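Commentary on secondary and tertiary structure
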Amino acid sequence: MGNKPADFAPAGFWIFLGSGKLSFMSDQRNLFEEPSEPWESDDRAEQLVASVILAEGPEREFDYFVPDELHGQIEPGKRVRVPFGRSNRPVPAYCVRLADKPVGQRKLKAVQAVLDARNLLSPAMLRLTKWIADYYLCSWASALATVLPAGVRTGAGTRLTTFLSLDPDFKSKLESEKIPPKQQMVLKVLAAGTSPMTAAELAREAKCTAAPIAALRRKALIRSHTARLHVGQQSASSIVRERHLVMNPDQRRALEAILRTMRAKEYRTILIHGVTGSGKTEVYIQAIQEVIHFGRQAIVLVPEISLTPQTVERFRSRFGEVAVLHSHLTDAERHWHWQRIAEGKVPVVVGARSAIFAPTPHLGLIVMDEEHEASFKQDSAPRYHARDVAIERAKAEAVPLVLGSATPSLESWHKARVGGYLAVEMPRRVLDRPLPTVGTIDLRIDKNRGALTRGAIGRQLHAAVVQALEGGGQVILLLNRRGYSTHIQCPACGNVLKCPHCDIALTHHRTQEIALCHFCDYEVPAPTSCPGCGFLGIRYSGQGTQRLEAEVRARFPNVPCLRMDTDTMQGRGSHERAFAAFRAGKVKILLGTQMIAKGLDFPDVTLVGVINADTALHLPDFRAAERTFQLVTQVAGRTGRGERGGRVLVQTFNPDHPAILAAVRHDYAAFAAGELPIREMLKYPPFSRMIRLVVRGPVETAALAFAKSLAANLTAALAVETAEARVLGPAPAPFAKLRGLYRFQIQIQGPDGERLRAAVRKTAAELKPPDEVQWIADVDPLDMM
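All of these numbers come straight from a predicted model, not from anything done at the bench.

Core analysis: the biggest nonpolar cluster contains 75 residues, and Phe 357, Ile 691, Leu 693, Leu 710, Ile 748 and Val 760 have the highest contact counts within it. Ranked by size, the runner-up nonpolar core spans 39 residues in total, among them Trp 413, Leu 478, Ala 578 and Phe 671.

Structure (structure tokens):
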């Protein structure tokens, strides 16, 4: 649905090696030296031993002796520097365990330094990272690096600062020292202070130069220590605080379900199925208020696409101090937020997928809004789903997890139906406002009347836009495709302009007059003639948001409109400015991709038009119908939220498709009732577990040959593990070539996910890929492309 498929990071990637290790390949190959011989024990004595995971390198744990001077400094959750390999190259590592062990016949190498002044990972977070590594078949190091942001690891936004404090024995030392008045004033200021001070702060308070301070340091009456200090803190904008809203019976019932679990101090997952506009956010807010009342913290996860200023303002207007974590933060900003969360100074954390790892010391509640969103699944190692990680964290910390959506994933819906989750229904909108009426516009050609429309906007939709604008309303138009024309083809020879690296049709972007690959960013000037045969009548076909914008401006030249897609929303603060202009009424027609379909509440929107509801309906993905239903339902929910009411028009070539029919009726239960039996018959999730393996390489035959060997080994391993599992493939991936590499996929399915993972681990230990061939395993995949 507009997202790039999961693939491999260019700077490095984890691959399975024939030795059974999962190793990171990068330019720093000299890190992969053989470690010293393993530690051997006897019963003569014991010493403190740190078990560490290297930040880069072989995956298994290594033991290092902890020298006396580091006792008290090192602990699990801190990073250390250790010598590795025969050359004893110093490398960073994570301490994951401390234990007294018998001294072996060989001496262990010693830990060289402790890199962190404070513990970066709690014992619970360490256990969570180990679960991620085991469940998602990735290295423990990659899970640890995901939990700890780069800005935290590098100390971004801080500087090393010297702090001064009184020596504990300064009173006894005063008896033998003659202290001048200026130095006495310095000692008095330090004694009156509640915390250590920098030299500049001390000189300012004592009204002296640096000389008296230096003299006291020489006399050992003042001692110093260094620590990292944030260079500057983020300025918080002034927010007008709001009171709680009065709840309707549906909201009160949902809130009480959450509060019962909180008061019982136990884990439970609560699925709130509420129609769009039913007031789910108010339920979250009042539940969080109860959490804060007991001195605890809450994490609220929302899709990045829904992390709008409007969403953030709602939480800040109630709680004031809110940490907002998203992908546009600098490393320094992320580190500053992380530090304040870890110190317990921030009661509420709102953020996208990675906010589930926020270091809250007093966690009391986790909320996951729009839990069906695919963006909660990471598409690079570790390929975790934030919902499943949230479940594990909530279990470990005995707190409730609230999942909310108007269109829950079928996995969550099924889990609630069989009793795994507590289901709470919110079937009515607040203030008893009606759901918008939804109509379909059949785009199929009537052979008696000819084509119904020219361009993207049909006659019926055009008339509805005119009516909405004349009534003073605003309009949202959804088209989930970027660019101007989605493919360029020669009608003479049939040649389609494709990316040479990806074997995918290039998209015409008219602003720059280029043909662009949306996967590897390859671009060429937009051709005026066929590159193959030279024919001048080359045809630009297909609708993208750029072409839709041009059509809207041509049809409604005096109406201000705005396009929102990843091409126009690249600048910092661009989303905020766009939504502010639409909210203020400066923009009357908002058009764009799925980023305008969710998380927005504009009461003046009286019409939503879906330009083509079929863009994802026929993709080779068993979730295609589910995603179409979700997108149409979600965008329909953007209208009818004010007193004006609203309507939705859906243009489609498949008006009789069950997903479209259910979305038109706002009938999630009917859609689920029709879709789940198909999933069960085909043994797709939620009725089985799945792992998708992707093999890629620059030589097609070599990649295919290894994929066949991989499938054969998996089949043999699964035959030992379970007779109910099946292996599908290898087959070319839907995107058969990306970034110059040929791709083949294998699907393994079965009722027991742990047995599937065991088969993959066994195969990884036995099968070594040829040079330049890599493969990855995606557990519980969402991206099937």
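Still to come is the rest of the account.
With respect to the element layout, Gln 184 can be found in helix 5 (residues 181-192). Judged by relative accessible area, which is 46%, Gln 184 ranks as partly exposed. For the pair Gln 184 and Pro 212, spaced 28 residues apart in sequence, the C-alpha separation works out to 9.0 Å.

Within strand 27 (residues 647-652), 5 of the 6 residues are buried, leaving the element largely enclosed by the surrounding structure. Sheet topology places strand 17 (residues 437-442) next to strand 27; 6 bridges connect them, and they run parallel. The residue of strand 27 that forms the bridge with Thr 440 is Val 650. Bridging between strand 26 (residues 605-610) and strand 27 involves 4 bridges; their strand directions are parallel. The partner of Gly 609 across the bridge, within strand 27, is Leu 649.

The next point concerns the sheet that holds strand 22 (residues 523-525). Read from one edge of the open sheet, 3 strands run 20-21-22, paired in antiparallel fashion. Across the chains shown, the open sheet's two edge strands, defined by having one partner strand only, are strand 20 (507-509) and strand 22. Going from strand to strand, the sheet's axes swing by 30 degrees on average, the running direction of each strand aside. Both strand 20 and strand 21 (residues 514-516) contribute to a ladder of 3 bridges, which runs antiparallel. The partner of Thr 507 across the bridge, within strand 21, is Leu 516.

This paragraph deals with helix 12 (residues 386-397). Side chains three or four residues apart in an α-helix point the same way, a direct result of the helix having 3.6 residues per turn. Along its 12 residues, helix 12 runs 16 Å from first to last C-alpha, staying within 8% of the 16 Å computed at 1.5 Å per residue. For helix 12, the complete set of buried residues consists of Ala 386, Arg 387, Asp 388, Val 389, Ala 390, Ile 391, Arg 393 and Ala 394. For helix 12, the secondary structure elements touched by its buried residues are helix 1 (123-135), strand 10 (268-274), strand 11 (297-301), strand 14 (363-369), strand 15 (400-405) and helix 13 (410-417). Looking one or two residues past helix 12, Ala 398 carries a phi angle of roughly 55 degrees, positive in sign.

Orientation of helix 1 relative to helix 2 (residues 140-147), taken along the N-to-C sense of each, is 130 degrees, at an axis distance of 8 Å. Classified by the interaxial angle, the pair formed by helix 1 and helix 2 is oblique. As for the relative orientation of helix 1 and helix 2, their crossing is right-handed in sense. Across from Met 125, Leu 126, Thr 129, Lys 130, Ile 132 and Ala 133 in helix 1, the residues of helix 2 making contact are Trp 140, Ala 143, Leu 144 and Val 147.

The next thing to look at is the confidence of the model for the protein. Here the protein averages 85 in pLDDT, and 89% of its residues register 70 or above. Contacts from residues 1-43, a stretch scored under 50 in pLDDT, to residues over four places away or in other chains number 122 contacts.

Applying the stated criterion across every chain yields a total of 12 aromatic pairs. For the pair Phe 62 and Phe 84, a centre-to-centre distance of 5.3 Å together with 75 degrees between the ring planes defines the contact as edge-to-face. Here Phe 84 lies in strand 5 (residues 79-84) and Phe 62 lies in strand 4 (residues 62-65), a separation of 22 residues in the sequence. Plain terms: the ring middles of Trp 413 and Tyr 668 are 4.7 Å apart, the flat faces sit at 70 degrees to each other, and that makes the pair edge-to-face. Taken together, the positions of Trp 413 in helix 13 and Tyr 668 in helix 19 (residues 668-682) put the pair 255 residues apart, joining distant regions of the chain. Of the two residues examined, Trp 413 and Tyr 668, each falls in the buried class. Here the aromatic residues Trp 413, Phe 629, Tyr 668 and Phe 671 are joined through ring pairs into a cluster of three or more. Directly above the ring of Trp 140 sits Lys 130, whose terminal nitrogen or CZ lies 5.5 Å from the centroid.

Residue Pro 685 is joined to Pro 686 through a cis peptide bond whose omega torsion reads 10 degrees. In this fold, Pro 686 is placed in the loop between helix 19 and strand 28 (689-697). With an omega of 15 degrees, the peptide bond between Gly 729 and Pro 730 qualifies as cis. Tracing the sequence through the fold places Pro 730 in strand 29 (residues 726-738). If you check the backbone angles, Glu 370 has positive phi at about 50 degrees while not being a glycine.

Before going further, it helps to examine the sheet that holds strand 26. The strand order across the open sheet built from 6 strands is 17-27-26-18-25-24, with neighbouring strands paired in parallel fashion. Edge positions in the sheet fall to strand 17 and strand 24 (561-564), since each has one partner strand and no second. Pairs of neighbouring strands in the sheet enclose a mean axial angle of 15 degrees, with direction left out of account. Lying on the sheet, helix 15 (residues 545-555) is in contact with strand 18 (474-478), strand 24 and strand 25 (589-592); it crosses strand 25 at an angle near 160 degrees. Against the sheet, helix 16 (residues 574-583) contacts strand 18, strand 24, strand 25 and strand 26, and its axis sits at roughly 150 degrees relative to strand 24.

Checked against the element boundaries, Thr 633 lands in helix 17 (residues 624-636). Side-chain polar atoms of Thr 633 contact the backbone oxygen of Phe 629, separated by 2.8 Å. Excluding its chain neighbours within four sequence positions, the residues that come into contact with Thr 633 are Thr 276, Thr 407 and Ala 663.

Looking now at the packing of helix 5 against helix 6 (residues 199-206). Helix 6 packs onto helix 5 with a crossing angle of 110 degrees between their chain directions and a minimal axis gap of 9 Å. Put simply, helix 5 runs roughly perpendicular to helix 6. For the crossing formed where helix 5 meets helix 6, the hand is right-handed. Here Met 185, Val 186, Val 189 and Leu 190 of helix 5 come into contact with helix 6, specifically with Leu 202, Glu 205 and Ala 206. Of the residues in the contact of helix 5 with helix 6, the class split is 6 nonpolar, no polar and 1 charged.

Topologically, Leu 271 is positioned in strand 10. Classification of Leu 271 by relative accessible area gives buried; the value is 2%. When the C-alpha positions of Leu 271 and Glu 425 are compared, they lie 8.4 Å apart, and in sequence the two are 154 residues distant. The residues contacting Leu 271, other than those within four sequence positions of it, are Glu 371, Leu 403, Pro 408, Ser 412, Trp 413, Ala 416, Tyr 421, Leu 422, Ala 423 and Val 424.

Turning next to the pattern of salt bridges. The final tally for this structure, using the stated rule, is 32 salt bridges. As a salt-bridge pair, Asp 250 and Arg 428 come within 2.8 Å of each other at their nearest N and O atoms. Of the two residues, Asp 250 is situated in helix 8 (residues 249-263) and Arg 428 in the loop between strand 16 (422-426) and strand 17; the sequence distance between them amounts to 178 residues. A relative accessible area of 2% places Asp 250 in the buried class. When the shortest N-O distance is used, the salt bridge between Glu 371 and Arg 387 registers 3.1 Å. Note that Glu 371 is positioned in the loop between strand 14 and helix 12 and Arg 387 in helix 12, a separation of 16 residues in sequence. One salt-bridge network, held together by shared partners, links Glu 549, Arg 553, Arg 563 and Asp 565.

So, how was this worked out
Residues numbered from 1 in each chain as written. Predicted model: local features only at pLDDT ≥ 70, side-chain atom pairs only at ≥ 80, totals over all residues. Heavy atoms only, no water. Core = buried A, V, L, I, M, F, W, Y, C linked by side-chain atoms within 4.5 Å. Buried < 20%, exposed > 50% of the residue type's maximum accessible area, 1.4 Å probe, protein only. Helix = DSSP H or I, 4+ residues; strand = E, 2+ residues; numbered from the N terminus. Pairing = 2+ DSSP bridges. Axes fitted to C-alpha atoms, helices over the stretch in contact; angles between N-to-C directions. Expected span 1.5 Å × (residues − 1). Contact = heavy atoms within 4.5 Å. Parallel < 35°, antiparallel > 145°, perpendicular 65-115°, else oblique. Left-handed = near helix turned anticlockwise from the far one by under 90°. pLDDT = per-residue confidence, 0-100. Phe/Tyr/Trp six-rings, centres within 6.5 Å; stacked < 30°, edge-to-face > 60°. Lys NZ or Arg CZ within 6 Å of the ring centre and 35° of its normal. Polar contact = N/O pair within 3.5 Å; in protein donor to acceptor, adjacent residues only side chain to side chain. Nonpolar A, V, L, I, M, F, W, Y, C, P; charged D, E, K, R; others polar. Salt bridge = Lys/Arg side-chain N within 4 Å of Asp/Glu carboxyl O.

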